[in-house]
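# A closer look at the structure
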Amino acid sequence: MNRGLTVESLTVVRGGRTVVRGVDLTVSPGEVVALLGPNGAGRSSTILAMCGLLPAAGGSVSLNGRSLTGLRPDRVRGAGVSTVLENHRVLADLTVHDNLKVAGGRRGTGRVERVERVLQTFPELVEHLDRPAGQLSGGQQQMLALGQALASQPQVLLIDEMSMGLAPVVVSRLLGVLRTLADDGIGVLLVEQFAHLALSISDRASVMTRGKCVFSGAASDLDRDPDLLHRLYMGAGVEDVLDG
Ligand SMILES: Nc1ncnc2c1ncn2[C@@H]1O[C@H](COP(=O)(O)OP(=O)(O)OP(=O)(O)O)[C@@H](O)[C@H]1O
Ligand SMILES: [Mg+2]
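Fair warning: this is a prediction, and the values are worked out from it, not measured in the lab. (Residues numbered from 1 in each chain as written. Chains lettered and ligands numbered in written order. Predicted model: local features only at pLDDT ≥ 70, side-chain atom pairs only at ≥ 80, totals over all residues.)

## A look at the site of ligand 1
To keep it simple, the criterion reads: Using a C-beta atom placed from the backbone, a residue is scored as near a molecule or strand whenever that atom is within 6 Å of it. Residues are grouped as follows: nonpolar covers Ala, Val, Leu, Ile, Met, Phe, Trp, Tyr, Cys and Pro; charged covers Asp, Glu, Lys and Arg; every other residue, Gly included, is treated as polar.
Close contacts around ligand 1 come from Arg-14, Gly-15, Val-19, Gly-37, Asn-39, Gly-40, Ala-41, Gly-42, Arg-43, Ser-44 and Ser-45, and that covers them all. Considered class by class, the residues forming the shell around ligand 1 number 2 nonpolar, 7 polar and 2 charged.

## Structural notes on the sheet that holds strand β6 (residues 81–84)
Note the following rule: Here, any two strands with at least 2 DSSP bridges between them count as paired. Segments assigned H or I by DSSP are reported as helices when at least four residues long, segments assigned E as strands when at least two residues long, and all are numbered from the N terminus. Interaxial angles span 0 to 180 degrees and are taken between N-to-C directions of axes, which are lines fitted to C-alpha atoms, for helices over the stretch in contact. Note that contacts rest on C-beta atoms placed from the backbone: two residues are in contact if these are within 7 Å.
Taken in spatial order, the 6 strands make up an open sheet running β6-β7-β8-β3-β9-β10, and their pairing is mixed. Strands with a single pairing partner mark the edges of an open sheet, and in this sheet they are β6 and β10 (212–218). Sheet twist, expressed as the mean angle between neighbouring strand axes with direction ignored, is 15°. Judged from the 4 bridges that link them, strand β3 (residues 32–36) and strand β9 (residues 204–209) form a sheet pairing that is parallel. In the sheet register, Ala-34 faces β9, and the bridge partner there is Ala-205. Of the strands in this sheet, β6 and β7 (156–160) touch helix α5 (residues 138–150), which is tilted by about 165° from β6.

## Quick look at the environment of Ala-198
Using the following cut-off: As a rule, residues whose C-beta atom has 12 or fewer other C-beta atoms within 10 Å are exposed, those with 20 or more are buried, and those in between are partly exposed; C-beta atoms are placed from the backbone.
For Ala-198, the position within the fold is in helix α7 (residues 195–201). The exposure class assigned to Ala-198 is buried, which follows from the 26 C-beta atoms found within 10 Å. When the C-alpha atoms of Ala-198 and Ser-163 are compared, they prove to be 9.7 Å apart, with 35 residues separating the residues in sequence. Apart from residues lying up to four places away in sequence, Ala-198 is in contact with Ala-34, Leu-36, Leu-190 and Glu-192.

Have a look at this one:
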């Protein structure tokens, strides 16, 4: 059986335009995969289709061999794939604790333990449990957003633009948490504007330009060759880059 998340020939149409063209991706348990590309490449659209918020016009998404294609977002999450979207907003008027409880599912299903585990991952949140989430700093809110995604104990985490607007020390902390989660067996797909940040914790990377995947390989190959990354971003396919 295929373990982990598999995306095959995914195509997404938005506003009458094909913005994701036949993308293939895999995220195995225990690995961080960076999904990189210039603005408008189609990374967010790929994530939105993977988590059920946009329909796939073609192709498939599956987890451990079971199809998730066409499922509603709550079903995708229930199946084990959690998402932290770009500009994710926590429920500002609810307390931090209530935000986590809402994300942790129904009472009496192990929710207390799930929330407890999130607080072990982010002990920074403990002293703020009774505060409205809207009063937290940007970094704390991003921890809470990640904590909410973790509260359903996902097998795979999809993260879109985590570092935007955050202090470098907070970004390092969050990236460290993602690496630890992966080392504990979760699969992580990380879309990140700052490629070097994502590559620093990733095992593999894919690069998209204009809706197509133009590179898939070891993160270290891209990390040690900024010129390759630059040329991929400028729109060359990997064959052109390696031949050129
Ligand atoms: N709501 C929308 N309706 C129609 N087209 C959209 C919509 N949102 C994005 N697009 C278009 O889809 C294409 C892919 O955008 P997407 O947001 O997936 O890219 P991205 O790689 O996440 O880039 P970035 O995050 O830098 O914007 C772009 O051409 C964009 O203009
Ligand atoms: Mg985006």
